[in-house]
Amino acid sequence: MTANGSPPWLELARAILGEDGLLTDPASLESYGRDWTKVYAPAPCAIALPRTTAQVSTLLRLAHTHHVPVVPSGGRTGLAGGAVAAQGELVLSLERMRTLHPVDPIARTVRVEAGAITQAVHQHTAAHGLTWPIDFASSGSSQVGGNIATNAGGVRVVRYGLTRQWVIGLQVVLMGGEVLELNGALEKNNTGMDLRQLFIGSEGILGVITEATLKLAPLPRESRVALLAVPDLRAALTLFGAARSAQGFELLAFEYLTDLCLDVVLGELGLTSPLAQRSPAYVLVELEPPEGGGDGAEDRWLEGLFATGLVSDGVLAESLAQSRQLWSLRERISETLSKRGILHKNDISVPVAALGDFTAAMMEAFQGAYPDFEIFLFGHVGDGNLHVNVMKPAHLEKAEFFARCKGTDALLFKLIRAHGGSISAEHGIGLLKKPFLHYSRTPAELRIFRGIKQALDPEGLLNPGKVFDRIEGVVS
Amino acid sequence: MKILVTVKRVTDYERKVKISPDGLSLVTEGMNFVPNPFDEIAVEEALRLQKAHGGEVVVISIGHKDASKEIRQALAMGADRGIHVIAEELDPDAVARLLMKIVEEEKPELVIMGKQATDDDANQAGQLLAGYLGWPQATFASKVEGLDSEAEKAQTPGVVIAGGEATVIREIDGGLETLKLKLPAIVTTDLRLNHPRFASLPGIMKAKKKPIKEVPVASFGVDITPKVRNVKYAEPPARKAGVKVADVAELVNKLKTEAKVI
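Okay, so let's go over this structure. (Residues numbered from 1 in each chain as written. Chains lettered and ligands numbered in written order. Predicted model: local features only at pLDDT ≥ 70, side-chain atom pairs only at ≥ 80, totals over all residues. Heavy atoms only, no water.)

A side chain of one charge can pair with a side chain of the opposite charge if their charged atoms are brought near each other. One pass over the structure, following the stated rule, counts 48 salt bridges over all chains. The salt bridge involving R159(A) is made with E288(A); its shortest N-O contact spans 3.2 Å. Residue R159(A) is located in helix α6 (residues 157–160), and its partner E288(A) is located in strand β14 (residues 281–288); the two are separated by 129 residues in the primary sequence. Note that D120(B) is salt-bridged to K8(B), the shortest N-O span being 3.3 Å. You can see D120(B) sitting in the loop between β8 (110–114) and α4 (125–133) and its partner K8(B) sitting in the loop between β1 (2–6) and β2 (9–11), a full 112 residues away along the chain. On the accessibility criterion, D120(B) (38% relative accessible area) is partly exposed. When salt bridges that share partners are traced, they join R9(B), K65(B), D66(B), K69(B) and E70(B) into one network. (Salt bridge = Lys/Arg side-chain N within 4 Å of Asp/Glu carboxyl O. Helix = DSSP H or I, 4+ residues; strand = E, 2+ residues; numbered from the N terminus. Buried < 20%, exposed > 50% of the residue type's maximum accessible area, 1.4 Å probe, protein only.)

Below you can see the structure in the form of structure tokens.
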């Protein structure tokens, strides 16, 4: 300890980062120590705000030498506790590393630092008619480094796939301070194992992402947004099949929500339903016409749905403002549900073909065992992804509710395993889903996970306790 | 009750408009067009009044041949039929005199119009039409209840029709003004009158079968020579870049000495 009571490494860290590069005030510790889960009490020892990869490297070498656990941190919009620092760790925030390098319109790539805000990347590339097609409700706060570390999904996965498909190159700093340049700006590079992909979705347990070369796509063309009324999830899935096989347009988004969800959004925001008649469930579709505007195939398809009885009703947005209004009914579900009450959330996926059977079995099981629980279902069902939110009934205490949710989880996860699904479709494992990882991954897989972790971070100092319990390393 | 509603085709107000190199006009090529948002409020109000009082809602658009799309949208919302006067860009006076001819032929009890179009913001056609017809007018119609009120959720009309009179609430500086007008009358709509409904798929299907009468502008025998000439369009001055301050003290100092706001 130094004279003022802080450990010696902290003063060395301050020397690396400069006076304003290290925060220890209670407000900063509180806000940088948590993510959107808000279930863990934040307790980091300090917040490091490096400005360069060199500083990150020096800092990690220092942390390694002094055995200081480190939590890499981005926009902290995660929903699984992956960026939570609750055990006295040092938070390494990338937020000051947000440089956006010029867009390469020929290669359709852009190099950015990890702390760049997702939306800022969208705005930066839009001037060239290009976009990084990773988009979700939190894109105004989330950062590219976090998007990559969590292999983020979102509302455009049905069209573009996951973050994994849109990263060309990565710069990663390992726990000892070693800087890796992975794949550079190469579209093709068939020279052994693709280490870049190892870090994408690793939730910050293998290395700290400091820069990335992102792959860009042409901006989606003027699209058509419609909200369609369907009787149930099975009908929504039939509709998805019809949309996928229709000709003359691309499916940009296919989002499902039940009337319970819509009711909360309308109630909390004081809005009227855009549909004259309420329906048990809805699908929000976004359709992109082919280049050059097409011949109105998307409109004909939508009108045909009503004629053939695939949907019972629907509304079409006629302007950007109306498109946004319809989208907000979907995007604001999470936020308005949280306003309404205390929730237990799950973000699960099963193969699209099994989603109808799985959901029916799940609802039946819930109604049998937990008839007083209200279940809110919504999600990117085109990807087989469903958000399952359970709201705390008024008559239950919070502790009792969460205790009983352990039972709903066990029930849910068994069904997921039986249907070949995943207990976390896009939120990741972090701290929140760690106890249940074995439902989706085999002992052999988990053994390989640990082996890789051991190879890159033998002392288990980087984002300790996330994804799986900390492996106490050999102190060299 | 027969209600006439006007719908103007305007450039999407969400898009940035471009000025032609000579500064005399706006570039319309590649622009997205939408119904004037105030006119959508007018259509919504007409449909609510029709639901309460029965009758017919007739939609009129004067403009480009493609404005049939905006008429169809109003028909998809629920209006009964359309009249499309095909013409180039006209000034508000010509529009008002053409509308007068249509009103004389259709003999509605109420004409509802947007208070202004979002492209030229002229805010004249409704007032001019009332003047030419010698009809009472209530501009900037609004509602006492907010747009998140139960009345709005129940789609209650803001304009009240009873005993051959229309009662209209207008927003004025510092309060509300209530007017009673003898029918027939002209009402122009403000933003807080209602939330226009979306076009529904069944509505869109039905709208395909609803009639739109196309009338060439020449058939009215109205002199449409512009009385007002556009001399110049200019972009608003670009915003100056912001500055970064080191701490609160510097911010307060700048607010005092430079911005002079505290």
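Next up on the list: a nonpolar patch on the surface. All names here are of chain B. On the surface, a cluster of nonpolar side chains totalling about 380 Å² of accessible area is made up of V248, V252, V261 and I262. Tracing the sequence through the fold places V248 in helix α7 (residues 248–257). The exposure class of V248 is exposed, given its relative accessible area of 61%. (Patch = residues over 30% accessible without salt bridge, like charges linked within 9 Å, V, L, I, M, F, W, Y side chains within 5 Å. Areas by Shrake-Rupley, 256 points an atom, 1.4 Å probe, with all protein chains shown as cover.)

Residues and elements named next belong to chain A. With antiparallel pairing, the 5 strands of this open sheet are ordered in space as β5-β6-β10-β8-β9. The sheet is open, and its two edges are formed by β5 (100–104) and β9 (179–182), each paired on a single side. Direction aside, neighbouring strands of the sheet carry axes that sit 10 degrees apart on average. Those strands touched by helix α4 (residues 118–126) are β5, β6 (109–113) and β10 (208–215), and its axis lies near 40 degrees from that of β5. (Pairing = 2+ DSSP bridges. Axes fitted to C-alpha atoms, helices over the stretch in contact; angles between N-to-C directions. Contact = heavy atoms within 4.5 Å.)

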